[in-house]
Amino acid sequence: MLLKISNLNAGYGKVPVLHECTLEVNEHETVTVIGPNGAGKSTLLKTITGLVKAMSGQIVFQDEEIATLSTDQIIRKGIAFVPEGGRPFPNMTVLDNLRMGAFTKRENLKNGVIDELFALFPVLKKRSNQYARTLSGGERQMLAIARGLISRPKLLMLDEPSLGLAPKLVDEIYEKIRMLKESGLTVLLIEQNTSYALELADRGYVLENGHIIMTGACAELSSSDHIRKAYLGI
Amino acid sequence: MLDMTVQSIITGLMMGVIYALITLGISIVFGVLNVVNFAHGDFVMFSMYLSYMIGTALVWDAVQTPLITIPVLFIFGFIVYYLIIDRTLRQMYVVQLAVTVGLQIFMRSMALIIWKAQPRALQYSIIQGNIQIGPYTILTSRLVAAIISLIFIAGIAWFLNKSWAGSAMRAASDDLDMASLVGVNYRRTYALTFAIGSALTAVAGGLLMSFQQTDPVGGIRFGFLSWCVLALAGLGSIPGLIISGMIVGVAETVTITFFDPRSRLLVIYGIFILVLWFKPRGLFGRK
Ligand SMILES: Nc1ncnc2c1ncn2[C@@H]1O[C@H](COP(=O)(O)OP(=O)(O)OP(=O)(O)O)[C@@H](O)[C@H]1O
Ligand SMILES: [Mg+2]
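What about the overall build of chain A?
Then comes step 1: Of regular secondary structure, chain A possesses ten helices and ten strands.
Then comes step 2: At 17 Å, chain A has a C-alpha radius of gyration in line with the 17 Å of a compact globule built from 234 residues.
Then comes step 3: Dimensions of chain A, computed from C-alpha atoms along their principal axes, come out at roughly 45 × 40 × 30 Å.
Then comes step 4: Here chain A holds 234 residues, and the buried ones make up 54% of them.
Then comes step 5: Contacts in chain A between residues at least 24 apart in sequence constitute 67% of all its contacts with a sequence separation of at least 6.
Then comes step 6: Only carbon and sulfur atoms are counted for the fraction: they give 50% of the accessible area of chain A, which is about 10,000 Å².

Below, the structure written as structure tokens:
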């Protein structure tokens with residue numbers, strides 16, 4: 001098992017947002033966490049990366065407890081996190097953003113990893129000397145994913161990669177994520193766009209009000225009455 | 001009249017480059033840590049005294065003294081960061097303000113205790129004379145100071161753009177959480193930034209001592225100058241910083257030449273206020 005979270009409580013200040021969350025991600029698996037606005041999905045990823053401190057519970061990555069480590073130490077273990085909106089560094093060029101992604105794996109700048117990523121996201125090559133603040137929403141998201149991948153992480157975590165994008169772009173981004181999944185990358189995907197997430201992922205968790213209320217293979221979840229009514233609107 | 005104007009502009013331009021160097025220190029600290037170091041001018045004053053001591057003890061020229069004061073101020077910056085600044089980062093803004101204002105008062109008091117209220121100047125200088133171009137005189141010591149300042153500014157620009165540590169500083173300045181998410185240790189980056197900001201005052205202090213005297217309250221002037229240049233320049237443009245330093249330098253020397261030398265801080269304050277009114281992001285700033 002790559003990532004195992006057990007009985008996790010976390011939140012801001014003294015108020016917990018996540019209650020006793022338990023979740024696992026196996027190697028080469030794509031797992032999604034779906035849930036409504038404010039359920040705590042982003043908080044979950046922020047807690048895994050140490051941006052939000054766990055109040056209690058365990059976060060084990062590759063048999064190692066990481067809940068007490070600082071964010072940069074957690075990243076060095078091989079986790080990449082693409083937060084909501086991607087958040088490339090606005091005043092850095094596309095190329096400098098990619099370089100920053102290799103901050104912990106500097107040898108990857110010479111190993112041709114950048115060229116692989118340019119092949120996956122050709123638009124980034126065209127824009128490589130442009131400041132990230134001048135990119136469109138879709139380009140920002142692709143840059144952020146590429147920046148996450150350049151360190152060759154063992155686990156890629158994506159927070160709503162489809163947020164705010166036109167349907168055509170959502171299709172394009174999901175196509176890329178599918179290619180990554182098929183290449184064997186382990187992905188933890190957070191989404192509100194339930195139909196896309198359930199179609200792509202192997203397994204899913206449903207997070208509501210900070211509680212994981214349901215889990216199972218995506219096919220099972222898609223056919224459950226609750227999911228169909230509350231999320232898929234069927 | 002025209003000659004005097006041109007002469008004071010020439011002098012002001014050279015001073016302005018030193019002001020830009022001083023401001024570069026407060027600017028990277030503000031840009032990266034989001035902390036205004038109100039003691040920055042007193043770092044300059046302190047460096048000037050150190051240069052005075054070293055220059056006197058070793059019979060060195062003022063411009064040589066940074067060889068020793070740079071490492072001293074660099075380490076001093078690290079210590080100040082970890083002892084004081086680091087603990088205020090998550091605090092209210094007013095706490096940060098109180099802490100750096102307190103540091104300013106502390107450094108000034110220390111200077112008064114160690115060096116008394118006497119102004120000090122170095123006698124010895126290998127850089128003598130001046131260069132005569134037509135009716136205009138360029139003091140060699142100031143020209144050398146301006147050139148060395150430019151070299152250090154260019155060096156910092158190179159460091160920020162090309163080195164890993166400099167890129168980490170830019171990333172932390174752009175988006176601190178995201179910088180952590182690519183593996184940057186923000187405390188180490190902050191400490192390094194503060195130490196570099198502090199070391200730059202050592203360079204400026206040595207250069208200033210080659211043609212000026214220092215006194216314990218002189219830090220206010222440099223602090224004030226650097227806020228004014230920073231306000232003019234905004235964050236993120238090093239050419240903008242140099243031009244802003246020159247504007248302030250020229251405003252100062254023109255005031256000294258044509259009005260009362262004692263009104264020079266007033267003029268700088270005037271520029272500061274005008275910028276805040278009309279261009280709150282500075283002339284060249286992006287944030
Ligand atoms: N920085 C913060 N400080 C305090 N409370 C916060 C903070 N960020 C989020 N919260 C609260 O935590 C709860 C969960 O927020 P979170 O962002 O994790 O939800 P989410 O499931 O990602 O929602 P969305 O789908 O809208 O992104 C919300 O009630 C939110 O108001
Ligand atoms: Mg969210």
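Some thoughts on the site of ligand 1
Residue and element names in this part refer to chain A.
Then comes step 1: Close to ligand 1 lie 13 residues; N37, K41, S42, T43 and Q192 are nearest.
Then comes step 2: Contact between ligand 1 and G40: an oxygen atom at 2.9 Å from a main-chain N or O atom of the residue.
Then comes step 3: For ligand 1, whose accessible area on its own is 630 Å², the fraction buried by protein is 58%.
Then comes step 4: Tallying contributions element by element places helix α1 (residues 41-48) first for the shell around ligand 1, with three residues.
Then comes step 5: Its residues placed into classes, the shell around ligand 1 shows four nonpolar, six polar and three charged.

Thoughts on the coordination of the magnesium ion (ligand 2)
Six octahedral donors around a metal ideally sit at 90 or 180 degrees from one another, while four tetrahedral donors ideally sit at 109.5 degrees.
Residue and element names in this part refer to chain A.
Then comes step 1: Protein coordination of the magnesium ion (ligand 2) is provided by S42 (OG) and E84 (OE), with donor distances spanning 1.9 to 2.1 Å. Of the two residues, S42 sits in helix α1 while E84 sits in the loop between β6 (79-82) and α3 (94-101), which places them 42 residues apart along the sequence.
Then comes step 2: Here E84 falls in the partly exposed class, since its relative accessible area comes to 36%.

As for helix α10 (residues 238-258) of chain B
Then comes step 1: An ideal rise of 1.5 Å per residue puts 30 Å on 21 residues; α10(B) measures up with 30 Å between its terminal C-alpha atoms.
Then comes step 2: Where α10(B) begins, one side-chain oxygen reaches toward the backbone nitrogen of B:G240, 2.9 Å away; that side chain belongs to B:S237.

Brief notes about helix α7 (residues 167-182) of chain A
Residue pairs spaced three or four apart in an α-helix point in one direction, given the helix's 3.6 residues per turn.
Residues and elements named next belong to chain A.
Then comes step 1: Along its 16 residues, α7 runs 22 Å from first to last C-alpha, staying within 8% of the 22 Å computed at 1.5 Å per residue.
Then comes step 2: When we look at burial in α7, the residues that qualify are V170, I173, Y174, K176, I177, L180 and K181. The arc enclosing the buried residues of α7, seen along the axis, measures out at 155 degrees, which places them on a common side. In this structure, α7 carries K168 and E182 as exposed residues pointing more than 90 degrees from its buried face.
Then comes step 3: G184 lies just past α7 and shows a positive phi near 105 degrees.

Topic: the state of the cysteines
Residues and elements named next belong to chain A.
Then comes step 1: Under the criterion given, the structure shown has zero disulfides over all chains.
Then comes step 2: Left without a disulfide partner, C21 is nearest to the cysteine sulfur of C218, which lies 18 Å away.
Then comes step 3: Classification of C218 by relative accessible area gives buried; the value is 3%.

Observations concerning the nonpolar core
Then comes step 1: By size, the foremost hydrophobic cluster in this structure holds 117 residues, and its most contacted members are A:L3, A:I48, A:L155, A:L188 and B:L208.
Then comes step 2: Considering each element in turn, this core owes the most residues, 13 residues, to helix α1 (residues 2-33) of chain B.
Then comes step 3: Judged by nonpolar contacts, the second largest core, of 43 residues, contains A:A80, A:V123, A:I145 and A:I150.

Describing a negative patch on the surface
Residue and element names in this part refer to chain A.
Then comes step 1: A surface patch of negative charge is lined by D171, E172, E175 and E182.
Then comes step 2: Relative to the helices and strands, E175 resides in helix α7.
Then comes step 3: You can call E175 partly exposed: its relative accessible area is 42%.

Considering the side chain of A:T186
Residue and element names in this part refer to chain A.
Then comes step 1: By secondary structure assignment, the location of T186 is in strand β8 (residues 186-191).
Then comes step 2: A polar contact of 2.8 Å, which involves the side chain of T186, links it to the backbone nitrogen of H28.
Then comes step 3: Once residues within four sequence positions are removed from consideration, T186 is found in contact with L2, V25, N26, E27, H28, E29, K154, L155 and L156.

Description of the packing of α1(B) against helix α6 (residues 164-174) of chain B
Relative orientation and spacing of two packed helices are given, respectively, by the angle between their axes and the distance between those axes.
Residues and elements named next belong to chain B.
Then comes step 1: One can describe the packing of α1 onto α6 by two numbers: an axis separation of 7 Å at closest approach and a directional angle of 55 degrees. Put simply, α1 runs oblique to α6. Each of I28, G31 and V32 in α1 lies in contact with α6, whose residues at this interface are M169, A172 and S173.
Then comes step 2: Tallied by class, the residues present in the contact of α1 with α6 amount to four nonpolar, two polar and no charged.

Examining the sheet that holds β8(A)
Residues and elements named next belong to chain A.
Then comes step 1: Within the open sheet, the six strands sit side by side as β6-β7-β8-β3-β9-β10. Their pairing is mixed. In the strand order of this sheet, the two ends are held by β6 and β10 (211-217), each with one partner. Taken over all neighbouring pairs, the strand axes of this sheet differ in orientation by 15 degrees on average, direction set aside.
Then comes step 2: Relative to strand β7 (residues 155-159), β6 is paired through four bridges, and the arrangement is parallel. By the bridge assignment for β7, F81 is matched with M157.
Then comes step 3: The strands that helix α6 (residues 137-149) touches are β6 and β7; relative to β6, the one it contacts most, it runs at about 170 degrees.

Points about the sheet that holds strand β5 (residues 64-65) of chain A
All names here are of chain A.
Then comes step 1: The strand order across the open sheet formed by four strands is β2-β1-β4-β5, and the pairing between neighbours is antiparallel. Each of the sheet's edge strands pairs with one partner strand only, and the pair in question is β2 (15-25) and β5.
Then comes step 2: Sheet topology note: the strand β1 (residues 3-12)/strand β4 (residues 54-61) ladder contains six bridges and is antiparallel. Opposite L3, over in β4, you have F61 as the bridge partner.
Then comes step 3: On top of the sheet, α1 reaches β1, β2 and β4; it is set at about 110 degrees to β1, its chief contact.

Concerning the confidence of the model for chain B
Then comes step 1: Averaged over all residues, the pLDDT of chain B is 90; the fraction at 70 or higher stands at 99%.
Then comes step 2: Predicted as a complex, the structure gets a pTM of 0.92 and an ipTM equal to 0.94.

Rules of the game
Residues numbered from 1 in each chain as written. Chains lettered and ligands numbered in written order. Predicted model: local features only at pLDDT ≥ 70, side-chain atom pairs only at ≥ 80, totals over all residues. Heavy atoms only, no water. Helix = DSSP H or I, 4+ residues; strand = E, 2+ residues; numbered from the N terminus. Rg over C-alpha atoms; globule rule 2.2 N^0.38 Å. Buried < 20%, exposed > 50% of the residue type's maximum accessible area, 1.4 Å probe, protein only. Contact = heavy atoms within 4.5 Å. Areas by Shrake-Rupley, 256 points an atom, 1.4 Å probe, with all protein chains shown as cover. Near = heavy atom within 4 Å. Polar contact = N/O pair within 3.5 Å; in protein donor to acceptor, adjacent residues only side chain to side chain. Nonpolar A, V, L, I, M, F, W, Y, C, P; charged D, E, K, R; others polar. Donors = N, O, S within 2.8 Å, 3.2 Å for Na, K, Ca; no water. Expected span 1.5 Å × (residues − 1). Arc of directions from axis to C-beta. Disulfide = S-S within 2.5 Å. Core = buried A, V, L, I, M, F, W, Y, C linked by side-chain atoms within 4.5 Å. Patch = residues over 30% accessible without salt bridge, like charges linked within 9 Å, V, L, I, M, F, W, Y side chains within 5 Å. Salt bridge = Lys/Arg side-chain N within 4 Å of Asp/Glu carboxyl O. Lys, Arg positive; Asp, Glu negative; His and termini not counted. Charge placed at Lys NZ, Arg CZ, Asp CG, Glu CD. Axes fitted to C-alpha atoms, helices over the stretch in contact; angles between N-to-C directions. Parallel < 35°, antiparallel > 145°, perpendicular 65-115°, else oblique. Pairing = 2+ DSSP bridges. pLDDT = per-residue confidence, 0-100.

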